Amino acid sequence: MGYALLPESEISNYTLLRQWLITPDDDVDFPVLPVGLALSTLGNAPALVSGTLLRRKYPLDLVPHILFLFCAGSVCFQIDLKSDHMEDHVPPMLVDDIAVNFRAVLGGPDGFSDIEIEYGAPRFFNWSSKLPEPQPIEALSLRLNTQTSAGQFSPIFRR
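Presented here is an overview of the structure given in this document. (Residues numbered from 1 in each chain as written. Predicted model: local features only at pLDDT ≥ 70, side-chain atom pairs only at ≥ 80, totals over all residues. Heavy atoms only, no water.)

Here's the deal with the overall build of the protein chain
A count of helical and extended segments in the protein chain gives two helices and 10 strands. The linear arrangement of helices and strands in the protein chain, starting from the amino end, is α-α-β-β-β-β-β-β-β-β-β-β. Within the protein chain, the proportion of its 159 residues that are buried is 30%. Partitioning the intrachain contacts of the protein chain with sequence separation of at least 6 by distance along the chain shows that 59% fall at a separation of at least 24. As displayed, the protein chain has an accessible area near 10500 Å², and 58% of this comes from carbon and sulfur atoms. (Helix = DSSP H or I, 4+ residues; strand = E, 2+ residues; numbered from the N terminus. Buried < 20%, exposed > 50% of the residue type's maximum accessible area, 1.4 Å probe, protein only. Contact = heavy atoms within 4.5 Å. Areas by Shrake-Rupley, 256 points an atom, 1.4 Å probe, with all protein chains shown as cover.)

Take a look at the structure:
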């Protein structure tokens, strides 16, 4: 989905990603493929899916060239699209260094009031394995305000 959203001017920077996407039996080895997972407050997330590309502003900044944020309701993923060479100057880093605190602001049903979805700090996982692995979340703890019906998920991650 992130590749499909790339502007025409960026397509030439992502030929390896395209090849990986269209080749079913790829032999590309990603030693690290960080994917961030962030959750928002439960109760205010509309049935909405969005995709957003965030491009770094300064070419020499030590962050990925483009991050893809995929948000569905109260869940938001952050994925580095891995350009061909636009990150060659970026040294290996902890994936937490690229975390983005993201807030979606949507026009309300009346066209005037806004609906805000604020996602918490993402937790990063390495999704590079080609082997099946247990999901990273072992359980979810829910704090619920019974007066407003708003709640907050607190994931309990596997160790």
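Some thoughts on the packing of aromatic side chains
With the rule as written, the count across this model stands at three aromatic pairs. Summarising the aromatic geometry, the rings of phenylalanine 68 and phenylalanine 70 are spaced 6.5 Å apart at their centres and angled 35° between planes, so their arrangement reads as tilted. We classify phenylalanine 68 as buried; its relative accessible area is 5%. Aromatic side chains phenylalanine 102 and tyrosine 119 sit 6.3 Å apart centroid to centroid with 20° between the ring planes, which places their arrangement in the stacked category. One end of the pair, phenylalanine 102, is in the loop between β5 (75–80) and β6 (103–107); the other, tyrosine 119, is in the loop between β7 (114–118) and β8 (123–126), and 17 residues separate them in sequence. For the residue pair phenylalanine 102 and tyrosine 119, the accessibility class agrees, reading buried in each case. Joined through ring pairs, the aromatic side chains of Phe68, Phe70 and Phe77 make up one cluster. (Phe/Tyr/Trp six-rings, centres within 6.5 Å; stacked < 30°, edge-to-face > 60°.)

Regarding the nonpolar core
Grouped together as the largest cluster of nonpolar side chains are nine residues: Ala38, Leu67, Leu69, Cys71, Cys76, Phe102, Ala104, Ile117 and Tyr119. Ranked by residue count, the leading element in this core is strand β4 (residues 66–72), at three residues. Membership of the second largest hydrophobic core comes to eight residues, among which are Tyr3, Ile66, Phe68 and Phe70. (Core = buried A, V, L, I, M, F, W, Y, C linked by side-chain atoms within 4.5 Å.)

A word on the sheet that holds β4
Spatially, the five strands line up as an open sheet ordered β3-β4-β5-β1-β8, and their pairing is antiparallel. With partners counted over all chains shown, the strands left at the sheet margins are β3 (49–55) and β8, one partner each. Adjacent strand axes in the sheet meet at a mean angle of 20°, parallel and antiparallel pairs treated alike. Taken together, the five bridges between strand β1 (residues 34–39) and β5 define a ladder with antiparallel strand orientation. Bridge pairing in β5 places glycine 36 opposite glutamine 78. (Pairing = 2+ DSSP bridges. Axes fitted to C-alpha atoms, helices over the stretch in contact; angles between N-to-C directions.)

A look at the side chain of serine 83
Mapped onto the elements of the fold, serine 83 is located in the loop between β5 and β6. For serine 83, the side chain forms a polar contact with the main-chain nitrogen of methionine 86, separated by 2.9 Å. Here the side chain of serine 83 touches glutamate 87 through a polar contact of 2.6 Å, side chain to side chain. With near-sequence residues (within four places) excluded, serine 83 lies in contact with Asn13, Tyr14 and His65. (Polar contact = N/O pair within 3.5 Å; in protein donor to acceptor, adjacent residues only side chain to side chain.)

What to know about unusual backbone geometry
The phi torsion at lysine 82 lies on the positive side, around 55°, for a residue other than glycine. In this structure, lysine 82 sits in the loop between β5 and β6. According to the relative accessible area criterion, lysine 82 is partly exposed, its value standing at 27%.

Scope: geometric values only; no functional claims are made or implied.
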